[in-house]
Amino acid sequence: MILLTGGAGYIGSHVCMALLDAGLDVVAVDNLSNSNKASLERVQSICGRSLVFRHADIRDEAAIYDILRCCGVTAVIHLAGLKAVGDSNVQPITYYENNVLGTMRLVSAMTKAKVKTLVFSSSATVYGIPTYLPLDEKHPLGPTNPYGRTKLFIEEMLKDLHRSDDEWRIGILRYFNPVGAHESGLVGEDPLGVPNNLLPFVAQVAIGRRDKLTIWGNDYDTPDGTGIRDFIHVVDLASGHLSALRHLKEPGLLTVNLGTGAGSSVLDVVRTFEAVSGRPIPYAIGERRAGDVAICYADPTLAERVLGWKSTRSLAQMCSDHWCWQSKNPDGYRGAEHPERSSDF
Ligand SMILES: NC(=O)c1ccc[n+]([C@@H]2O[C@H](COP(=O)([O-])OP(=O)(O)OC[C@H]3O[C@@H](n4cnc5c(N)ncnc54)[C@H](O)[C@@H]3O)[C@@H](O)[C@H]2O)c1
């Protein structure tokens, strides 16, 4: 049984499908602070298998310990966390409390329950401003915002944990920019409020929920002046977790990038989305945002060499799957929850 924290969220729901499709059993834990458990109801119907859902907070060590013991958990995939860079500048302590303290409590519960296999979702934000490209795992670390620092501190904490007890099996996955949705269009990204990330914003403009996109800066030193990122299909990203879990059969600690190795500009994304959706995406150019870098993309060769994993889906596929989700669910999961379900299932 795999415990998946943050399981009802965007990436969590896709990881859940990868695990269920591989025949693994899953208990998803989420406090639903940024998600809707309708995502997991849909996961079950897509996969034709049931999972266990527990509405709990990772900071509640006793509750997590109970779940670990009662469900017979053998490994944890830990995605629960707050993730909005801008918000983390405004409420840094909330981010440290949720992400860092939450991970400390989770790991304490795991230690007590003698569950010592952990896959952790870190982020490319730990690299900060690139001094060379592509970013490999040896690139110096220097996040430029509190969110990124929570990820870096957790990485350091997990390394210390492994040094103190080499029975631990730890996989640290540094995600680049996850986008897209499951090909069914039934599960996807459903941000609460104004989206912080590019694709959900573009999709909401395409569906008419927002008037226009603001592109933050078109005077970067890139071919079209807009920022370049390494967008990765969320289904490819999810399969990387399964590869990491399989790799952790032996004790050790592994840190790997999960990216495609290719960069696309903001304007590339806008044009590709227009092409696949047939909808215009009006945009305006805004000032550069503090902390944004011009270009960021991964060197994914370590993941391919060590995990045998690499991404396969194109930018067009990412945009078309994202559009399929958005057009089938113009209001996301709102109203989609099963009315008779109790909190847990
Ligand atoms: N989406 C990205 O661009 C991106 C990039 C790099 C890393 N990540 C990391 O991946 C993970 C998942 O991201 P996502 O995009 O799916 O975000 P998400 O907000 O959709 O999912 C996170 C989930 O964690 C839950 N959660 C938050 N705090 C919790 C707590 N204390 N206890 C229990 N549940 C809690 C939320 O309700 C949500 O369902 C996060 O840790 C995020 O930092 C995301």
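Source: prediction; values computed, not measured.

K.L.:
Any chance you could break down the overall build of the protein chain for me, citing the residues and the numbers?
P.N.:
Of regular secondary structure, the protein chain possesses eleven helices and 13 strands. For 345 residues, the compact-globule formula gives about 20 Å, and the C-alpha radius of gyration of the protein chain, at 19 Å, lands near that figure. Oriented by its inertia axes, the alpha-carbon framework of the protein chain measures out at about 55 × 50 × 40 Å. Scored against the burial criterion, the 345 residues of the protein chain give a buried share of 50%. Taking as baseline every contact in the protein chain between residues at least 6 positions apart, the subset at least 24 positions apart corresponds to 80%.

K.L.:
Break down the site of the ligand for me, with residues and values.
P.N.:
What surrounds the ligand is a group of 29 residues, the closest being Gly-6, Gly-9, Ile-11, Ser-35 and Gly-81. When residues in the shell around the ligand are grouped by element, the largest group, three residues, is from helix H1 (residues 10-21).

K.L.:
Let's hear about the nonpolar core: which residues, and what values?
P.N.:
Core analysis: the biggest nonpolar cluster contains 92 residues, and Leu-3, Leu-4, Val-15, Cys-16, Val-26, Ala-28 and Val-202 have the highest contact counts within it. Beyond its immediate stretch of four places on either side in the chain, Ala-28 contacts Leu-4, Gly-7, Ala-8, Gly-12, Cys-16, Leu-40, Leu-51 and Phe-53.

K.L.:
Could you give an account of the environment of Ser-239, with specific residues and numbers?
P.N.:
Structurally, the position occupied by Ser-239 is in helix H8 (residues 234-247). Ser-239 sits 70 residues away from Trp-309 along the chain, and the two C-alpha atoms are 8.0 Å apart. Sequence-distant contacts of Ser-239, that is, excluding residues within four places in its chain, are made with Ala-18 and Trp-309.

K.L.:
Please give an account of the pairing of strand S6 (residues 169-175) that cites residues and values.
P.N.:
With seven of its seven residues buried, S6 lies for the most part within the structure. On S6, burial covers both faces: Arg-169, Gly-171, Leu-173 and Tyr-175 on one face and Ile-170, Ile-172 and Arg-174 on the other are all buried. Here seven bridges tie strand S5 (residues 117-123) to S6, and the two strands are oriented parallel to one another. Each bridged residue has a counterpart across the sheet, and for Thr-117 the counterpart in S6 is Arg-169. Remark: the S5/helix H6 (residues 146-164)/S6 crossover connection has right-handed handedness. One ladder, built from seven bridges, connects S6 with strand S11 (residues 252-258); its direction is parallel. Counted as the bridge partner of Leu-173 is Val-256 from S11.

K.L.:
Tell me about helix H3 (residues 61-70), and name the residues and values.
P.N.:
For H3, the full list of buried residues reads Ile-64, Ile-67 and Leu-68. What you see down the axis of H3 is that its buried residues fit within an arc of 100 degrees, all on one side. The exposed residues of H3 that point more than 90 degrees off its buried face are Ala-62 and Cys-70. Lining the buried residues of H3 we find strand S1 (2-5), strand S2 (26-30), strand S3 (52-55) and helix H5 (92-113). Gly-72 lies just past H3 and shows a positive phi near 65 degrees.

K.L.:
Account for the environment of Glu-155, with residues named and values stated.
P.N.:
Mapped onto the fold, Glu-155 is located in helix H6. With 20 C-beta atoms packed within 10 Å, Glu-155 lands in the buried category. Between the C-alpha atoms of Glu-155 and Leu-237, which are 82 residues apart in sequence, the distance is 19 Å. Discounting chain neighbours no more than four positions away, the residues touching Glu-155 are Ser-122, Val-126 and Ile-172.

K.L.:
Can you explain the packing of helix H7 (residues 198-207) against helix H9 (residues 266-277)? Please cite residues and give values.
P.N.:
The geometry of H7 relative to H9 is characterised by a closest axis approach of 11 Å and an angle of 40 degrees between their N-to-C directions. Taken together, the axes of H7 and H9 lie oblique to each other. Where H7 crosses over H9, the handedness of that crossing is right-handed. Of the residues in H9, those touching H7 at Leu-198, Leu-199, Val-202 and Ala-206 are Val-266, Val-269, Val-270, Phe-273 and Ser-277. A per-class count over the contact of H7 with H9 returns eight nonpolar, one polar and no charged.

K.L.:
An account of the sheet that holds S6 is needed here, citing residue identities and associated values.
P.N.:
Strand order in the open sheet formed by seven strands is S3-S2-S1-S4-S5-S6-S11, with parallel pairing between adjacent strands. Looking at which strands have only one partner, the edges of the open sheet turn out to be S3 and S11. Ignoring strand direction, the axes of neighbouring strands in this sheet form an average angle of 15 degrees. Most of the contacts of H6 go to S5, to which it runs at about 155 degrees, and overall it touches S5, S6 and S11.

Parameters at a glance
- Residues numbered from 1 in each chain as written.
- Predicted model: local features only at pLDDT ≥ 70, side-chain atom pairs only at ≥ 80, totals over all residues.
- Helix = DSSP H or I, 4+ residues; strand = E, 2+ residues; numbered from the N terminus.
- Rg over C-alpha atoms; globule rule 2.2 N^0.38 Å.
- Buried ≥ 20, exposed ≤ 12 C-beta atoms within 10 Å, placed from the backbone.
- Contact = placed C-beta atoms within 7 Å.
- Near = placed C-beta within 6 Å.
- Core = buried A, V, L, I, M, F, W, Y, C linked by C-beta atoms within 7 Å.
- Pairing = 2+ DSSP bridges.
- Right-handed = clockwise from strand over helix to strand, strands pointing away.
- Arc of directions from axis to C-beta.
- Axes fitted to C-alpha atoms, helices over the stretch in contact; angles between N-to-C directions.
- Parallel < 35°, antiparallel > 145°, perpendicular 65-115°, else oblique.
- Left-handed = near helix turned anticlockwise from the far one by under 90°.
- Nonpolar A, V, L, I, M, F, W, Y, C, P; charged D, E, K, R; others polar.

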